Amino acid sequence: KQEVTQIPAALSVPEGENLVLNCSFTDSAIYNLQWFRQDPGKGLTSLLLIQSSQREQTSGRLNASLDKSSGRSTLYIAASQPGDSATYLCAVRSGGGADGLTFGKGTHLIIQP
Amino acid sequence: GAVVSQHPSRVICKSGTSVKIECRSLDFQATTMFWYRQFPKQSLMLMATSNEGSKATYEQGVEKDKFLINHASLTLSTLTVTSAHPEDSSFYICSARDGVGTSGALYGYTFGSGTRLTVV
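What this report covers is the structure whose coordinates are included nearby. (Residues numbered from 1 in each chain as written. Chains lettered and ligands numbered in written order. Predicted model: local features only at pLDDT ≥ 70, side-chain atom pairs only at ≥ 80, totals over all residues. Heavy atoms only, no water.)

### Looking at the side chain of Thr-107 of chain A
Residue and element names in this part refer to chain A.
And step 1. Mapped onto the secondary structure, Thr-107 falls in strand β11 (residues 107–112).
And step 2. What makes Thr-107 buried here is its relative accessible area of 0%.
And step 3. The residues touching Thr-107, leaving out its near neighbours within four places in the chain, are Gln-6, Ile-7, Pro-8, Ala-9, Leu-11, Leu-21, Ala-86, Thr-87 and Tyr-88. (Helix = DSSP H or I, 4+ residues; strand = E, 2+ residues; numbered from the N terminus. Buried < 20%, exposed > 50% of the residue type's maximum accessible area, 1.4 Å probe, protein only. Contact = heavy atoms within 4.5 Å.)

Here it is as structure tokens:
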């Protein structure tokens, strides 16, 4: 059964810093991995989608990498801003016919002004 | 881009009553939708996969008679929590794959805005 772990569980940094969020998964047989942002009491906003054949994806100040063989992904946020404060979720779509996503518990990020 | 609309965003109901949550894909057809539940400080857990025109597939430990799913059209799936109890209080959220066809594996998922259910 696929398990997704995110480290750290919480992170608080001053504005302007570059930071890295980590995600690991136990079963490397995945279709893709997706990073989401969740604001308090709200739904999920998709940030980046990485296919199993890809190494990384970039969108603006965000860069996500994927090392499928070692079961790891990182989300890099450059020049952090207070508006980046949210919970960041990592989710994998496993192979083998499974269709839904398996989520980590998330990293709660606070960017101090 | 793909948009999934979910209603209501918040509902409070009395114990023993039933609550229906709607999930609509606004600008695309979704043959498959997914329902998740999130308890405080926990990850989202897949409850069931909703298939248009057929029965839903439930994850282990999810009571299908309690959580009724209907996927009557290519743009609408509903989740009904029957005889709700306080332990059913949670954040429920639906999603759909924002693409169709044989390359379904290449597409990501779009999520609704979620429903906060409180059973008193």
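### Thoughts on the environment of Arg-97 of chain B
Residue and element names in this part refer to chain B.
And step 1. Here Arg-97 is to be found in strand β9 (residues 90–97).
And step 2. Take Arg-97: its relative accessible area is 14%, and that puts it in the buried class.
And step 3. Here the alpha-carbon distance between Arg-97 and Glu-87, two residues 10 residues apart in the chain, equals 29 Å.

### Remarks on the pattern of salt bridges
Residue and element names in this part refer to chain B.
And step 1. Scanning all chains against the criterion turns up four salt bridges over all chains.
And step 2. Ionic pairing is found between Lys-66 and Asp-88, a salt bridge with its closest N-O pair at 2.9 Å. Placement of the pair is Lys-66 in the loop between β6 (57–58) and β7 (67–73) and Asp-88 in the loop between β8 (76–81) and β9, with a sequence separation of 22 residues. This pair shows no difference in class: Lys-66 is buried, exactly as Asp-88 is. (Salt bridge = Lys/Arg side-chain N within 4 Å of Asp/Glu carboxyl O.)

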